[in-house]
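# Per-entry structural report
Residue-level listing of the chains:
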Amino acid sequence: MRILQILPSLDDGGVERGVVDANRLYVAAGHESWVISAGGRRVAEIARDGGHHVALDVKGKNPLSAPWRMMALRRALRRIRPDVIHYRSRVPGWLTLWANRARDLRLPTVATLHGLNHPCLYSSVMVRADRVICVSTAGRAFVREHYPWVPEARLAVIPRGVDLAAFDPARVDAAWSADFRRAHGLEGKFVAAAIGRVSSLKGVDVLIRAVAALRDWPELTALIVGGPQRHQENYMESLHALARELGVEGRVVFAGSQRKIPEIAALADVVCSCNVRKPESFGRTVAEALAMGTPVIAAAHGGVLDIVRPGQDGFLVPPGDVAALAEALRRVRGTTFTGLREGVAARFTAERMARDTLALYQTLRGVEA
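Attention here is on the structure that accompanies the text. From a predicted model like this one, the values you see are computed outputs, not experimental measurements.

What counts and what doesn't
For every chain, the first residue of the written sequence is number 1, and numbering continues from 1 onward in sequence order. In view of the model being predicted, local features appear only for residues whose pLDDT reaches at least 70, and side-chain atom pairs are presented and counted only at 80 or more, with totals across whole chains, interfaces and linings using the full set of residues. Values reported for side chains reflect all heavy atoms of the structure, with hydrogen atoms and water molecules removed beforehand. Being paired, for any two strands, means DSSP has found at least two bridges between them. Numbered from the N terminus, helices here are DSSP runs of H or I no shorter than four residues, and strands are runs of E no shorter than two. Think of each axis as a best-fit line through the C-alpha atoms, taken over the contacting stretch in the case of a helix, with angles from 0 to 180 degrees between the N-to-C directions. Any two residues whose heavy atoms approach within 4.5 Å at even a single point are treated as in contact. Put simply, angles under 35 degrees are roughly parallel, angles over 145 are roughly antiparallel, angles from 65 to 115 are roughly perpendicular, and the rest are oblique. In this count, Pro and Cys sit with the nonpolar residues alongside Ala, Val, Leu, Ile, Met, Phe, Trp and Tyr, while Asp, Glu, Lys and Arg are called charged and the others, Gly among them, polar. For the purposes of this analysis, a disulfide is any pair of cysteine sulfur atoms at a distance within 2.5 Å. Buried means the residue's accessible area, taken with a 1.4 Å probe over protein chains only, is under 20% of the maximum for its type, while exposed means over 50%, and partly exposed covers the values in between. Take the buried Ala, Val, Leu, Ile, Met, Phe, Trp, Tyr and Cys residues and link them wherever side-chain atoms come within 4.5 Å; each set so joined is a nonpolar core. Handedness of a crossover is defined as follows: orient the strands so they point away from the viewer, and if the path from the first strand over the helix to the second runs clockwise, the crossover is right-handed. Whenever Lys or Arg places a side-chain nitrogen within 4 Å of a carboxyl oxygen from Asp or Glu, that contact is recorded as a salt bridge.

## Section: the sheet that holds strand β6 (residues 131-134)
Across the sheet, which stays open at both edges, the seven strands sit in the order β3-β2-β1-β4-β5-β6-β7 with parallel pairing between neighbours. For this open sheet the edge positions go to β3 (52-55) and β7 (155-157), each flanked by a neighbour on one side alone. Averaged over all neighbouring strand pairs, the angle between strand axes comes to 25°, with direction disregarded. Both strand β1 (residues 2-6) and strand β4 (residues 84-87) contribute to a ladder of four bridges, which runs parallel. Opposite Ile3, over in β4, you have Val84 as the bridge partner. Its contacts with the sheet place helix α4 (residues 90-99) against β1, β4 and β5 (109-113), and it is angled at close to 150° to β4.

## Here we look at the sheet that holds strand β12 (residues 296-299)
Taking strand neighbours across the sheet as the criterion, the six strands line up as β10-β9-β8-β11-β12-β13 in an open arrangement whose pairing is parallel. At either margin of the open sheet sits one strand with a lone partner, and together these are β10 (252-256) and β13 (314-317). Averaged over all neighbouring strand pairs, the angle between strand axes comes to 20°, with direction disregarded. Across three bridges, the pairing between strand β11 (residues 270-273) and β12 is parallel. Opposite Cys272, over in β12, you have Ile297 as the bridge partner. Here helix α11 (residues 322-333) sits on the sheet and contacts β8 (190-195), β9 (220-225), β11, β12 and β13; the angle it forms with β13, its principal contact strand, is near 170°.

## Observations concerning the packing of helix α10 (residues 284-291) against helix α12 (residues 340-347)
Put simply, α10 and α12 touch, their axes get as near as 7 Å, and they point 125° apart. One element, α10, and the other, α12, form an angle in the oblique class. Judged by residue contacts, Ala287, Leu290 and Ala291 of α10 engage Leu340, Arg341 and Val344 from α12. Partitioned by chemical class, the residues of the contact of α10 with α12 number five nonpolar, no polar and one charged.

## Some points on the state of the cysteines
Within this structure, the stated rule accounts for zero disulfides. Not part of a disulfide, Cys120 finds its nearest cysteine sulfur in Cys134, a span of 17 Å. Overall, the relative accessible area of 31% leaves Cys120 in the partly exposed class. Sulfur of Cys272: no disulfide; nearest cysteine sulfur belongs to Cys274 and is 5.1 Å away.

## With respect to the environment of Trp68
Secondary-structure assignment places Trp68 in helix α3 (residues 66-80). Trp68 sits in the exposed class, given a relative accessible area of 64%. Residues Trp68 and Ile224, spaced 156 residues apart in sequence, show a C-alpha to C-alpha distance of 40 Å.

## Concerning the nonpolar core
Leu207, Ile208, Leu223, Cys272, Ile297, Leu325 and Leu329 are the most contacted members of the largest nonpolar core, which totals 70 residues. Tallying contributions element by element places helix α7 (residues 204-213) first for this core, with seven residues. Setting aside residues up to four positions removed in sequence, Leu223 forms contacts with Phe180, Leu186, Val191, Ala192, Ala193, Ala194, Val253, Ala255, Ile264 and Leu267. Counting residues in each nonpolar core, the second largest holds 36 residues, with Ile6, Trp34, Val54 and Ala102 among its members.

## With respect to the pairing of β1
With four of its five residues buried, β1 lies for the most part within the structure. The sheet contact formed by β1 and strand β2 (residues 32-37) spans five bridges and is parallel. Bridge assignment links Arg2 to a residue of β2, and that residue is Glu32. Note that the unit made of β1, helix α1 (residues 14-28) and β2 has a crossover that is right-handed.

## Examining the pattern of salt bridges
In total, this model carries 23 salt bridges according to the counting rule given. Measuring nitrogen to oxygen at the nearest pair gives 2.8 Å for the salt bridge that ties Glu45 to Arg42. As a salt-bridge pair, Arg48 and Asp49 come within 3.0 Å of each other at their nearest N and O atoms. With relative accessibility at 15%, the residue Asp49 sits in the buried group. The structure contains a network of salt bridges with shared partners spanning Arg17, Asp21, Arg24, Asp163, Arg284 and Glu288.

This is the structure:
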């Protein structure tokens, strides 16, 4: 089977990691894997793992250039002739649907609903494919509520998967971790990490306020890992200002973008997912932390409800509730957690995600999996 995945770019991020993982696993399963994106730091991994990458501008949102970009994509589709097209974002989705309307194409399409974006015509492209993958039961409920015209048979729930070979405590770079601790003053600290692109949706300010509320616990340190979301640089500056205003600038570490996410998840004492206004559609960093044996605290909405078993993997707290997060941090300190990695291995592996997605592709093509 010849599979084409389309996404805006191949830089850092959960969607990008998922595409790289899928490419590797599709090739390992004997399929021909293609990826179209505008490029990025992870392009080399596609070829390294046996796939093919085509650089096209499927990222820009300028409507004036859309017809030319759509035609370029149409030419690429004719050249590649995939058995299935899998798009993973809104701009690539619209370009795909327009390009695929040519009479000599009309190829089967799959979309993955990676985010619970504001329901509108623009976002509806993510449910207009022949099959729609929801990465959690929350995702499926979101579609049923906001796009009731979508047939139930078009939907499939396939959770995101963790690459357990990459997220393996036995493979941690101990020297790098020690250097990172020293560089950021984390030695002897209880580290509560927030990992991912920093935006106003992520609720990082809630974690900073919880640290400030626990003034009798000076070892508690918030570790903020990730650069600002595009156009949210001012929000990042506001977080620095908030830490100064609350008098905890020495207990909040802004580490910026990092590549060694497994090492960071492993050195943390707890990983926090604090989304307030918009829940995670799945919660990949939560599952990855558990794979590294690190407990989690997550805001109790969205996809993390499929992942976190309260008291077993960590704790769930009401979104935006600073006092509840502070209390959960205390509870984590006093709780011994076991079987975290085993729980992820049983439910959320990249291999299982790839297997279920390949089976969906085959069904769409009318081939028995």
